[in-house]
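Survey of secondary and tertiary structure
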Amino acid sequence: FSRIVQSFKYEKECFLSNTLGTYKVLKFCKDRKIKILYSASSSKFGNNGKNENLTPYSWTKSKNIELIKNFNNWYGLEYEIVYFYNVYGPGHDQSGKLAAVIGIFEGQFLQNKPLTVVSPGNFRRDFTHINDIVRGTYLAWRKNLNREYFLGTGNSYSIIHIAKLFKHKIKFIPYRSGERFSSNKISNDTYKILGFKPKIKIEKYIEKFIKKNKKVLKIKKKLLN
């Protein structure tokens, strides 16, 4: 279960998947002597570590890190842990309970609806393209160090800034419980150890999205008229 705010509404699903589900996967790997590559959440680091208790999602994800490391101490389970930062790119959901901000903005843009920004709009996030995530995860898998890697860009953007990049109408919506004000900084050790650095910038991605889909919107308007 991979969404922060929605983990309040879908609490049972969050715990079944993230806690019980992760335990079962760890046991499977332990019994078969398989190294686990775990996709962790950067949400646990926000607000000097206090945000790991902010939501059911961040709490379950942070406790899974402890469990993985204990499985290593107890049973010799090998692992690599990769932290993701607001992953976006082709194939992400544009609506529904698992849609994240970039996908939501895209969906609203394509429907010619205002982009909904949670008030006050100054929450800051690091956004990482899926291609960079896949490359960084592969590099982590090749290591045998039993350690953690931070696959972010190191750049932080406010949500209102991201919305304005779409050059579209914007609508503010009320603050929601569980929203984090900022992301944590990236550990430079990740870049050194993995030889990894993100290549795709969110500004260029949004620019290409707009250029591609402006033609689609024009065709839709003609059909409607």
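Attention here is on the structure that accompanies the text. (Residues numbered from 1 in each chain as written. Predicted model: local features only at pLDDT ≥ 70, side-chain atom pairs only at ≥ 80, totals over all residues. Heavy atoms only, no water.)

The next subject is the environment of Lys44. Following the sequence through the fold, Lys44 ends up in the loop between strand 1 (36-41) and helix 3 (56-75). Classification of Lys44 as buried rests on a relative accessible area of 16%. Linking Lys44 and Lys63, residues 19 residues apart in sequence, is a C-alpha distance of 9.6 Å. (Helix = DSSP H or I, 4+ residues; strand = E, 2+ residues; numbered from the N terminus. Buried < 20%, exposed > 50% of the residue type's maximum accessible area, 1.4 Å probe, protein only.)

Time to look at the nonpolar core. If you look at soluble globular proteins, the nonpolar side chains tend to sit buried side by side. Within the largest apolar cluster, 22 residues are counted, with the highest numbers of intra-cluster contacts made by Phe105, Phe109, Phe127, Ile162, Phe166 and Ile202. If you list the elements that add at least two residues to this core, you get helix 4 (101-110), strand 4 (115-118), helix 6 (159-165) and helix 8 (202-224). If we ignore the near neighbours within four places in the chain, the residues touching Phe166 are Ile102, Phe105, Glu106, Phe109, Leu115, Ile206, Phe209 and Ile210. (Core = buried A, V, L, I, M, F, W, Y, C linked by side-chain atoms within 4.5 Å. Contact = heavy atoms within 4.5 Å.)

What follows concerns the packing of aromatic side chains. Tallied over the entire structure, the rule returns 15 aromatic pairs. Pairing Tyr23 with Phe71 gives two aromatic rings, centres 6.4 Å apart and planes at 70°, and the pair type is edge-to-face. One end of the pair, Tyr23, is in helix 2 (residues 11-32); the other, Phe71, is in helix 3, and 48 residues separate them in sequence. Owing to a relative accessible area of 37%, Tyr23 belongs among the partly exposed residues under this scheme. Ring geometry for Phe71 against Trp74: centres 6.0 Å apart, planes inclined by 50°, an arrangement best described as tilted. One end of the pair, Phe71, and the other, Trp74, are both in helix 3, 3 residues apart, so they sit about a helical turn from each other. Taking relative accessible area as the criterion, Phe71 reaches 4% and is therefore assigned buried. Ring-pair connections join several aromatic residues into one group, and the members of that group are Tyr23, Phe71, Trp74 and Tyr75. When the ring centre of Tyr75 is taken as origin, the NZ or CZ atom of Lys30, which lies over that ring, is 4.7 Å away. (Phe/Tyr/Trp six-rings, centres within 6.5 Å; stacked < 30°, edge-to-face > 60°. Lys NZ or Arg CZ within 6 Å of the ring centre and 35° of its normal.)

With that settled, consider helix 2. Spanning 22 residues, helix 2 covers 31 Å between terminal C-alpha atoms, matching the ideal 32 Å at 1.5 Å per step. For helix 2, the principal kink sits at Gly21 and spans about 30°. Cys14, Asn18, Thr22, Leu26 and Cys29 are the residues of helix 2 that are buried. Buried residues belonging to helix 2 abut helix 1 (6-9), strand 1 and helix 3. Residue Lys33 follows helix 2 closely and has a positive phi angle near 55°. (Expected span 1.5 Å × (residues − 1). Bend = angle between axes of the 7 residues up to and from the residue.)

A word on the sheet that holds strand 2 (residues 79-84). Ordered in space as 1-2-7, the 3 strands form an open sheet in which the pairing is parallel. Of all the strands in the sheet, the pair left with one neighbour each is strand 1 and strand 7 (148-150). In this sheet, neighbouring strand axes are inclined to one another by 25° on average, regardless of whether the strands run parallel or antiparallel. Pairing between strand 1 and strand 2: 6 bridges, direction parallel. Residue pairing across strands places Ile36 opposite Tyr79, the latter belonging to strand 2. Where helix 5 (residues 130-142) meets the sheet, its contacts fall on strand 1, strand 2 and strand 7, and the angle it forms with strand 2 comes to roughly 160°. (Pairing = 2+ DSSP bridges. Axes fitted to C-alpha atoms, helices over the stretch in contact; angles between N-to-C directions.)

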